[in-house]
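Residue-level structural notes
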Amino acid sequence: MRTLVIATNNAHKLSEIRAMVGDRLHIISLDELGCHDDIPETADTLEGNALQKARYIYDRYHCDVFADDTGLEVRALGGRPGVHTARYAFPDRHDPEANNAKLLAELQDKADRHAQFRTAIALILDGKEYLFEGKVEGDIVTALRGSEGFGYDPIFAPTEGEGKTFAELGVEVKNRISHRARAVAALSDFLLRQPC
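Described in the following lines is the structure provided in the data block. In this text, all values refer to a predicted model and were calculated from it rather than measured experimentally.

1. Comments concerning the pairing of strand S5 (residues 114-125)
Counting buried positions over the twelve residues of S5 gives eleven, a clear majority of the element. Note that strand S3 (residues 65-74) and S5 share ten bridges and pair antiparallel. Paired with Asp-69 across the bridge in S5 is Ala-120. Where S5 meets strand S6 (residues 128-140), twelve bridges bridge the pair, whose relative direction is antiparallel. Looking at S6, one finds that Leu-123 is bridged to Tyr-130. Count of turn residues in the S5/S6 antiparallel hairpin: two residues, of which Asp-126 carries a positive phi of about 50°.

Encoded structure:
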């Protein structure tokens, strides 16, 4: 089984990805690698941030690694929060509740609530770089709904979700249809075709 480092210490993201790949890949977190650095994410695109994180780990630990960056892109807001999705309310910290509140307030008088979640994954395998993408279309609902998931899950209703938010659909359904699931599927399909 191929072993890969994922350039994150986000427990939610780690458990989601491990559930998605099952026993096809052995995923090691930064904590398990012994890396506790605050890896910079200063690029102006999701792909740039993913590459920045993957290169940071590869340069220091010389191991096969992948990193992702995810953005919520809202049409009525010109694609915001986009690359600033995780730190939308406060540029210096992650605050999911404040992010959701800010986004709902900005959309309060907007008829167009279309949005898409997009995940970019950068893989460095044997020193070569690859990019993968996954996205899911949907809408921002008018109030928090559901108790599962994390981040924007209580306010994002994917088109395939029959009006339910990711937080209402639950982790199992989200792991099948989400942006991250699609990007991870593209990554794992690619890896399974590579010689070990």
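Having put the structure on the table, let's press on.
2. Looking at unusual backbone geometry
Apart from glycine, the bulk of residues carry a negative phi angle, and the bulk of peptide bonds sit in the trans form. Backbone torsion omega between Arg-80 and Pro-81 reads 0°, so that peptide bond is classified as cis. On the secondary structure map, Pro-81 appears in strand S4 (residues 81-82). Unlike most non-glycine residues, His-62 shows phi in positive territory, near 50°. Here His-62 lies in the loop between helix H3 (46-61) and S3.

Reading guide: rules and limits
Residues numbered from 1 in each chain as written. Predicted model: local features only at pLDDT ≥ 70, side-chain atom pairs only at ≥ 80, totals over all residues. Heavy atoms only, no water. Buried < 20%, exposed > 50% of the residue type's maximum accessible area, 1.4 Å probe, protein only. Helix = DSSP H or I, 4+ residues; strand = E, 2+ residues; numbered from the N terminus. Pairing = 2+ DSSP bridges.

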